[in-house]
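Each chain, written out:
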Amino acid sequence: MATCIGMVAKVGVFAAAVLKPVARQCPGHRVNVFVPHRLSHGVRSRLYEHVREGYSDKPELDMRAVCEETDKVIANVESRKGDLRGDDVRKIVCVWQELQAVKTEISELEEEKRRISDIVRGLVTKEDKKALANLPEYNQALQKGREIRNRLNHLYHKETELDEEHYGRALRLPNTTHPDVPVGDESQARVVELVGQKPEFDFKPKGHVELGEELGLIRQRHLAHVSGHRSYYLRGAGARLQAALQNFALDTLQRRGFIPMVVPDMLKGAVFEGCGMQPNAHSSQVYSLDPARFPDLNLAGTGEVGVAGYFMDHAVNWKDLPVRTVCSSTCYRAETDTGRETWGLYRVHHFNKVEMFGVTADETGEESSQLLQEFVSLQKEMFSALELHYRVLDMPTEELGPPAHRKYDIEAWMPGRNSYGEVSSASNCTDYQSRRLNILYEREDGSLQYAHTVNATACAIPRTVIAILETHQTKEGTIRVPRVLQPYLSLEVIEKPKYTPLKYIGPNQRYPPPRPAPKIR
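Residues numbered from 1 in each chain as written. Predicted model: local features only at pLDDT ≥ 70, side-chain atom pairs only at ≥ 80, totals over all residues. Heavy atoms only, no water.

Colleague: Please explain the side chain of Asp409 as it appears in this structure.
Modeller: Of note, Asp409 is situated in strand E14 (residues 406-414). The class for Asp409 is buried, based on a relative accessible area of 3%. Not counting the four nearest positions on each side in its chain, Asp409 is found in contact with Arg391, Val392, Leu393, Met395, Glu422, Ser424 and Ser425. (Helix = DSSP H or I, 4+ residues; strand = E, 2+ residues; numbered from the N terminus. Buried < 20%, exposed > 50% of the residue type's maximum accessible area, 1.4 Å probe, protein only. Contact = heavy atoms within 4.5 Å.)

Colleague: Looking at this model, I keep getting lost on the confidence of the model for the chain. Mind explaining?
Modeller: Detailed reading of the predicted model is not advised wherever pLDDT is low. In the predicted model, the chain carries a mean pLDDT of 88, and the fraction of residues at 70 or more is 90%. Note on residues 1-40: pLDDT is under 50 here. Beyond four places in sequence and across chains, it has 77 contacts. (pLDDT = per-residue confidence, 0-100.)

Colleague: Any chance you could explain the sheet that holds strand E16 (residues 439-442) here in plain terms?
Modeller: The pairing of strands in a sheet happens through backbone hydrogen bonds and is either parallel or antiparallel. Reading across from one edge, E10-E16-E17 is the order of the three strands in this open sheet, with mixed pairing throughout. The open sheet is flanked by strand E10 (314-317) and strand E17 (448-450), the only strands paired with a single partner. Between one strand and the next, the sheet's axes are offset by a mean angle of 40 degrees, whatever the strand orientation. With four bridges connecting them, E10 and E16 associate as parallel partners. Its bridge partner lying in E16, Asn317 is registered against Glu442. (Pairing = 2+ DSSP bridges. Axes fitted to C-alpha atoms, helices over the stretch in contact; angles between N-to-C directions.)

Colleague: Please explain the pattern of salt bridges as it appears in this structure.
Modeller: Charged atoms that come close allow side chains of opposite charge to pair. Summed over all chains, the structure comprises 29 salt bridges. Its salt-bridge partner being Arg443, residue Glu363 comes within 2.9 Å of it at the nearest N-O pair. With Glu363 in the loop between strand E12 (350-360) and helix H12 (367-385) and Arg443 in the loop between E16 and E17, this pair connects stretches of sequence that are 80 residues apart. We classify Arg443 as partly exposed; its relative accessible area is 26%. (Salt bridge = Lys/Arg side-chain N within 4 Å of Asp/Glu carboxyl O.)

Colleague: What is the right way to read the environment of Glu68 from this model?
Modeller: On the secondary structure map, Glu68 appears in helix H3 (residues 63-68). When the C-alpha atoms of Glu68 and Val93 are compared, they prove to be 9.5 Å apart, with 25 residues separating the residues in sequence.

Colleague: It is not clear to me how the packing of helix H9 (residues 237-255) against helix H14 (residues 461-471) should be interpreted in this structure. Could you clarify?
Modeller: Helix-helix packing is described using two parameters, namely the angle between the two axes and the distance between the axes. The geometry of H9 relative to H14 is characterised by a closest axis approach of 10 Å and an angle of 110 degrees between their N-to-C directions. By the criterion of interaxial angle, the relationship of H9 to H14 is roughly perpendicular. Where H9 approaches H14, its residues Leu241, Gln242, Leu245 and Gln246 are matched on the opposing element by Ile461, Thr464, Val465, Ile468 and Leu469. The class makeup of the residues in the contact of H9 with H14 is six nonpolar, three polar and no charged. (Parallel < 35°, antiparallel > 145°, perpendicular 65-115°, else oblique. Nonpolar A, V, L, I, M, F, W, Y, C, P; charged D, E, K, R; others polar.)

Colleague: I keep staring at the sheet that holds strand E9 (residues 297-299) and nothing clicks. Help me out?
Modeller: Spatially, the three strands line up as an open sheet ordered E7-E9-E8, and their pairing is antiparallel. Single-partner strands in this sheet number two, and they are strand E7 (266-268) and strand E8 (287-288). Strand direction decides the pairing type here: E8 and E9, joined by two bridges, are antiparallel. Looking at E9, one finds that Tyr287 is bridged to Leu299.

Colleague: Would you mind showing me how to read the pairing of E12 here?
Modeller: For a regular strand, side chains alternate in direction, first toward one face of the sheet and then toward the other. With 10 of 11 residues buried, E12 is to be regarded as a mostly interior element. Across 10 bridges, the pairing between strand E11 (residues 323-332) and E12 is antiparallel. Each bridged residue has a counterpart across the sheet, and for Ser328 the counterpart in E12 is Val354. Bridge analysis of E12 against strand E18 (residues 452-460) gives eight bridges, and the strand direction is antiparallel. If you follow Gly358 over to E18, its bridge partner there is Val454.

Written out as structure tokens, the structure is:
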């Protein structure tokens, strides 16, 4: 296991002026933990700060591969989307090598310091105290000891700076890529499988917003002053459909041995970063709470972050592997690219999602690949049960994101949009997240090993609602409920409700209604 980052520095006057001490100490190590005001290389790492404050052990990154196969790492980095380039990888290697050289010198000097201490101690024991002052051997040892201490103080400070810079840079590296993954942008996605048939209509199919408004299921109009853009209400059968989909997914997975879980919606930045997300990056999709009141708290955009946080700094027992977990949570996404899908439920700021998360062993190197295939099979089973037409895509390098070694997306046919739309994804993150979050498993002999993690969408409610409404609409404007959902909804057909829709009486109308007359008492 890696040791606490707080061990690294006994600092001189200059360092004390730059670094702010924290009361917490790491027992058995050299010094207080220090928190920098800012990083000299300009890259802030919440995960590094989390470790320095003593909450977790250091992430143990596989720097051997980065140093020995630098060209391969550069090719992988440059095939992915992001601002990391070959020169950044070379700088990471350079900083790492410099850090190792400093650590080596520190180790040698500390050994020399111990040797000199033994010499001085021996002389003090043997010689008279008055004679020591005139003893050349004694004075030389004292002088050498002072030189070593001064040099060590400089090196401790240097080690702190390099360690900080190393993690600030190296934590941005993406995972390795499966050799079969297509290279390029989303246009290079490979269709693995087409399932089901596109629905045929003898009328022009409507979009989900039109259907939802006519049936009283969805409201998006007149909400800018209530909850802002990209928000929505589900009502009546719409709300029941959400609950039905959640329960259907949860029931399906629990029958397969998944352990249900309720997770926090607000988490520390370190957990996001450990999962491969950057909550403080420019144009981040993550909502951050007011830092003045709630320092370093962010709203999760997926249940994956909450489940990963549950396993953080813990080891799973060998006999329990693989651990299969399912959670249903509300997800929050900033959707900063405001020009895309501005209307409807396809791209919204908040939605409910059922998420699968797996923790498995890394003994053969194939365990997580097998679990990924299992998760994709479960996704297909559920979308087929909902009587949808969909395709499975092997996603290319630019669509993987930092943590994924391989990722499959499922896109359902949405007749109202006359196109496929993503409804789920499944990612094998190998040991990328476990090395950053210290997720391990304990072998039968008691030894610890980094686990592999796999995550997959079981049901993203709004997009699945789109596919169901648009696929199962009838000429009469009703919605045929898929057979598997009928027990949850107690309905075979969703029809227009008997109650009268609300009437908008707010401002900005061409013919505003008269306001109520004064009440006469």
